[in-house]
Structures are given as C-alpha cells and as structure tokens.
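The chain contents come next:
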Amino acid sequence: MSIKLNTKYLEGFIKPHELEQIKREVATAHDVLLEKGEPSEKPTGWIDLPVNYDKEEFDRIITTAERIRKTCDIFIAIGIGGSYLGARAAIEFVNGTLANLTKKNGPAVYFAGNTIDPDALEELLTLCEGRDVCINVISKSGSTTEPAAAFRVFRELLEKKYGEKGAAERIFITTDKRDVPGKLKHFAIEKGYETFVVPDDIGGRFSVLSAVGLLPIAVAGCDIKAMMKGAEKARADLSECNIDTNDAYKYAAIRTLLMRKGFEIELFVSYKPSFQYTNEWLKQLFGESEGKDKKGLFPASVIYSTDLHSMGQYLQDGKRIIFETVIDVISSKSCVKVPYDAENIDNLNFLADKDFHYVNKQALLGTLDAHVEGGVPNVVLELDRMDEENFGYLVYFFEKACALSGYLNGVNPFDQPGVEVYKKNMFKLLGKPE
Ligand code: PA5
C-alpha cells in the first residue's frame, strides 16, 4: 500500500530548478514542524500516533465496537468538523456509499450533530423508530453547540426508550480527558457513560486515527488494526526531509509553487463516489489549516465523471486559477463488465465486455490530457486501492503534506481562529449567557 506522486502532468507548469530552489524552504518548514511546543499551541501528536498510541484504549475500542455491533440496529456518531468528517470518510472509503442499505450484519451507521437543520434531525429520528440505537458523542472541547444540541435530542430518545440506566449503556463519549463542570467529560462521569479520550496533542482535523474516528469506524465493521498499519507504513515512508524521496513533501512543495504562480484553487478529483467524504475531509484539513492571514489555497472537490457533466466546461475553458489533484485509484474491488448486445441498437458494442474500471480509467486519462492541454496543472496521486490500509496511509500522507504546506506558506496550520467569529454572532442572536 502507498501513495505515489506522478508529476508527468506538471511539465511546463513547474520547472526542475523551481523544485530545487524550494528545497531550502522545505527544510526550514520541516524543522519548524518538528520543533516541540505546548500541545495546546502545537498539537503534533499525530506525527507519531501510528506507533505511539494508547494500546489499552485501542483494544477497548475494538471490544466496545463488537458489543455495539451486537446490541443495536442504528449507531449514530454525533460530532462536527474534525469530530465527524474523518470517520465518515473512512467508512465510505472502505464500505462504499450504500453500506447502510446493503450490508449483511452490524448496525447502520449515521451521523448527527454536524448540522442544525431540524429536517435532517427529524429524518434520523424517524429512522430510529422501532429500532435499537446506540450513540457516540464526539467533541474534543466537549462544548460545541451543534453536537451538544443533537445529544440532548438523542439522549431524550434513548432515556424514553430504555430508561436512564439502559440509555447509559448505549451512550459512548469521546472527549478531552479533563473533568471540567459544564463539559462533556463531567457529564459522562455524572451519568456513568463509557468514555474515550481525544489526546491533548492532536487537534480535531488531525484526529481520525484516534478514538475520535476509530470507534465509529470499528462499529462500521472496518479493520482498524489494518488502518493503523497503513498509517505506520506512511510514517516510515514519509519521515525524511527530502522532496526527492518523500512524496508528501514533494506534493506540498508543488502545490505551494502552483499557488505562488496564481493558481488559487486546489480541486481534489476522484473517479470514485465512495471518495466523496474523503474529499470533504481533505477540504476541511487544508481549508482550516491553511486559510488564514488572508492567505491559502481554496480547497474544492469533484467526483468525475459525474461532475464533468456539470463542472467540466469550467475546468476545460474557464478562468485559469485552478489546479487539480487527482487521486488515481489503481485497482477496483469489483469487476463489472458492459454486456454484449447482439442487436446493438444503442451502438454501445464498442464497450462490450469491457470492465467499468477500465472505462473509468480511460475517462481519467482522457480528462487529464484535455485539462492539461487547456492549461490546468494536474498533480496525480496514485493509490493502490480503497481499503483500510490505504486509508490509513492516505490520512498520514495528507496530514504531513498539509502541516508542511502551512509552514511553507508562513501560517500556523494548527489553529482556526476564524471559526470563532460566526459562533460569537450566533450566540449573541440566541442570547447565550456570557
Ligand atoms: O479541526 C478542528 O479543530 C475543528 O474542525 C473541530 O474538530 C470542530 O470544530 C469540532 O470541535 P469539537 O471536537 O471540540 O466539538
């Protein structure tokens, strides 16, 4: 398992001497990244997480997930941002987008607390009628409004259904380890809920391989040991400060050079619908880490060929401010062929007996050539397949690339001061006490 950077489609956009010249900046950014700091200021625990994690808690995640899988039909992960996207990305990446409808055993996994829309909440509540439910509330701060409000709703549902004691056996909390009145950990202790820890030195969007993501991922039936193995391999492959051997660093250097040339938008491209939430995770990772001090690439995403029929025109022919980062998944899990039809009324026999994976690949190759010809630089990242090990590898690859990119661009990749502004206004409008 691995991610390989293919720079073939960057010729003419990035010159070899530009990559040589940025090496010095990469070295400085690497040193800054590895400099130790206070966990709250510099949460870099994710760098060694693949080898340095709480093994006892990891085993408890596996046994708890097994128990949950036997005791409910519906499992709801309640969280937002970094406490939501990683788990959803992993589950869809490995299980596909329809797993809640098609899988043979284990609960359906849904997400709540990532929106304040009453209709979305009502839909999920309706789905829970007559079914056994467990919930996992995930919030590092333990005080984020969206998940806290959703938790009240689902706690009420569980307590009405199972009584306070019965509900307590179905509520799992993932949060900061400190017991502070008014925060989630305190609440969990008061009510006797089982808890898992968000490590101090790992921030929300870097936390998918901690209990934050691992419990929902394990409940969905994914192999979290394999996921950690993939991340461990990535850690070994991507530790050197050398863009000739470390593809995460080379990718960071390339996207920085493209930004400096006026390409302001990085478009993450996949040809697999089950990558959609990995795209969402990537957008959060890069957007929240880099978009500050009036700087940063704007991360966007598409799924082709679907979006070639909506965004393709702009990409081919619109403003030249976009570069694409294409995740090329080398092998598919399934082999479905276009059937041969003797009548050939639809004139489609030129595709007869061809595997959809092959056809998809030709769409990728054709689009790459077309967009590069149209003046769009394309970074290609080749990923072996969509399984747990590769997801773990991918997470580590992009986290490392993102952190380095932040320092290359002179911003702190680990804070998100801008997110507070909307909250202040919303709380004022809602009359929250000071
Ligand atoms: O990456 C981040 O830090 C944020 O996106 C948080 O994950 C998000 O705001 C949710 O925060 P919390 O886990 O404290 O509820």
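Quick note: structure is the one above.
To start, this report covers the structure provided alongside it.

Within the protein, the secondary structure is distributed over 15 helices and 10 strands. Over its C-alpha trace the protein gives a radius of gyration of 23 Å, about what one expects of a compact globule, namely 22 Å for 434 residues. Counting only C-alpha atoms and orienting by the principal axes, one finds that the protein spans roughly 65 × 65 × 45 Å. Here the protein holds 434 residues, and 50% of them are scored as buried. Restricting the contact set of the protein to residue pairs at least 6 apart, pairs at least 24 apart contribute 81%.

In this section: the nonpolar core. The biggest cluster of nonpolar side chains holds 95 residues, and the ones touching the most others in it are Ile217, Tyr251, Leu258, Trp281, Phe397 and Phe398. Of the residues forming this core, the biggest block, 13 residues, is contributed by helix H14 (residues 388-408). Three or more residues apiece are contributed to this core by two domains, here domain 1 (3-35 + 228-408) and domain 2 (45-222). With residues up to four places along the chain from it excluded, the contact list for Phe398 reads Ile3, Tyr251, Phe268, Trp281, Leu282, Leu285, Phe286, Ile327 and Leu381. Core analysis: the second largest hydrophobic core is formed by 21 residues, Cys128, Val137, Ala150 and Phe151 among them.

What the 5 strands build is an open sheet, ordered E3-E2-E4-E5-E6; its pairing is parallel. The sheet is open, and its two borders are formed by strand E3 (108-112) and strand E6 (194-197), each paired with just one other strand. Strand after strand, the sheet turns through a mean of 20° between neighbouring axes, direction not considered. Here strand E4 (residues 133-139) pairs with strand E5 (residues 171-175) via 5 bridges, running parallel. Of the residues in E5, the one forming a bridge with Ser139 is Thr175.

Side chains bearing opposite charge may pair, as long as their charged atoms lie close to each other. The full count for this structure, using the stated rule, is 26 salt bridges. Here Asp244 and Lys23 are joined by a salt bridge, their closest N and O atoms 2.9 Å apart. Of this pair, Asp244 sits in the loop between helix H9 (224-237) and helix H10 (247-260) while Lys23 sits in helix H1 (residues 16-34); the two residues are 221 residues apart in sequence, bridging distant segments of the chain. Put simply, Arg255 and Glu266 hold a salt bridge, and the shortest N to O gap is 2.7 Å. Residue Arg255 is found in helix H10, and its partner Glu266 is found in strand E7 (residues 265-270); the two are separated by 11 residues along the sequence. For Glu266, a relative accessible area of 0% gives the class buried. Three or more residues joined by partner-sharing salt bridges are found here, namely Glu57, Arg60, Arg67 and Glu194.

Next up on the list: unusual backbone geometry. In this structure, Ser305 follows Tyr304 across a cis peptide bond, with omega equal to 5°. For Ser305, the location among the structural elements is in the loop between strand E8 (298-303) and helix H12 (312-317). At Asp293, a residue that is not glycine, the phi angle is positive and equals roughly 55°. Along the chain, Asp293 turns up in the loop between helix H11 (276-290) and E8. A positive phi angle is found at Asn344, which is not glycine, with a value near 50°. Mapped onto the secondary structure, Asn344 falls in the loop between strand E9 (322-329) and helix H13 (356-373). For Asn344, a relative accessible area of 22% gives the class partly exposed.

Bringing the pairing of E7 into the picture now. Of all 6 residues making up E7, 5 are buried, and the element is well covered by its neighbours. Of the pairings in the sheet, the one linking E7 to E8 comprises 6 bridges and is parallel in character. Counted as the bridge partner of Ile265 is Phe298 from E8. Regarding topology, H11 serves as the crossover connection from E7 to the parallel E8, and that connection is right-handed. Here 6 bridges tie E7 to E9, and the two strands are oriented parallel to one another. Its bridge partner lying in E9, Ile265 is registered against Ile322.

Position of Ser274 relative to the elements: it lies in the loop between E7 and H11. Residue Ser274 is classed as buried on the basis of its relative accessible area, which comes to 16%.

Looking now at the site of the ligand. The full set close to the ligand counts 13 residues, and Ser83, Ser139, Ser141, Thr144 and Gln284 are the nearest of them. A distance of 2.9 Å is found between an oxygen atom of the ligand and a backbone nitrogen or oxygen belonging to Gly82. Ser83 is positioned with one of its side-chain polar atoms (N or O) 2.6 Å from an oxygen atom of the ligand. Computed on the free molecule, the ligand has an accessible area of 380 Å², of which 87% lies beneath the protein chains in the complex. Among the residues forming the shell around the ligand, the class breakdown is 1 nonpolar, 9 polar and 3 charged.

This part takes up the side chain of Asp328. Here Asp328 shows up in strand E9. By relative accessible area, Asp328 is classed as buried at 4%. Leaving out residues up to four positions away in the same chain, Asp328 has contacts with Lys361, Leu364, Val380, Leu381, Glu382 and Leu383.

Calculation notes
- Here the residue index of a chain counts from 1 through its sequence in written order.
- A pLDDT threshold of at least 70 governs which residues receive local features in this predicted model, and a stricter bar of 80 or more applies before side-chain atom pairs are shown or counted, although totals over entire chains, interfaces and linings include all residues.
- Working from all heavy atoms in the structure, the side-chain values ignore hydrogens and water.
- Helical segments are the DSSP runs of H or I of at least four residues, strand segments are the runs of E of at least two, and each set is numbered from the N terminus.
- Values of the radius of gyration come from C-alpha atoms, whereas the globule rule sets the reference at 2.2 Å times the count of residues to the power 0.38.
- Accessibility here uses a 1.4 Å probe with only protein chains present; expressed as a share of the type maximum, an area under 20% marks a residue as buried, one over 50% as exposed, and anything in between as partly exposed.
- Whether two residues touch is decided by their heavy atoms; if any such pair falls within 4.5 Å, the residues are in contact.
- The set of buried Ala, Val, Leu, Ile, Met, Phe, Trp, Tyr and Cys residues whose side-chain atoms join them within 4.5 Å is what this entry labels a nonpolar core.
- Segmentation of the chain into domains, including their bounds, is taken from an automatic or database domain assignment.
- Following DSSP output, two strands are said to pair if at least two bridges run between them.
- Lines are fitted to the C-alpha atoms to define the axes, a helix being fitted only along its stretch in contact, and any angle between axes, read from their N-to-C directions, falls within 0 to 180 degrees.
- Within this document, salt bridges are pairs made up of a side-chain nitrogen of Lys or Arg and a carboxyl oxygen of Asp or Glu, the two lying within 4 Å of each other.
- Handedness of a crossover is defined as follows: with both strands directed away from the viewer, a clockwise route from the first strand across the helix to the second makes it right-handed.
- Here a residue is near a molecule or strand as soon as one of its heavy atoms is found within 4 Å of it.
- Two N or O atoms count as a polar contact when they lie within 3.5 Å, although within protein this holds only if one can serve as hydrogen donor and the other as acceptor, and sequence-adjacent residues are included solely when both atoms are side-chain atoms.
- In this description, accessible areas are obtained by the Shrake-Rupley approach with a 1.4 Å probe, and a residue is regarded as covered only by the protein chains that are shown.
- Gly is put with the polar residues, along with every residue not named as nonpolar or charged; the nonpolar set is Ala, Val, Leu, Ile, Met, Phe, Trp, Tyr, Cys and Pro, and the charged set is Asp, Glu, Lys and Arg.

Scope: geometric values only; no functional claims are made or implied.
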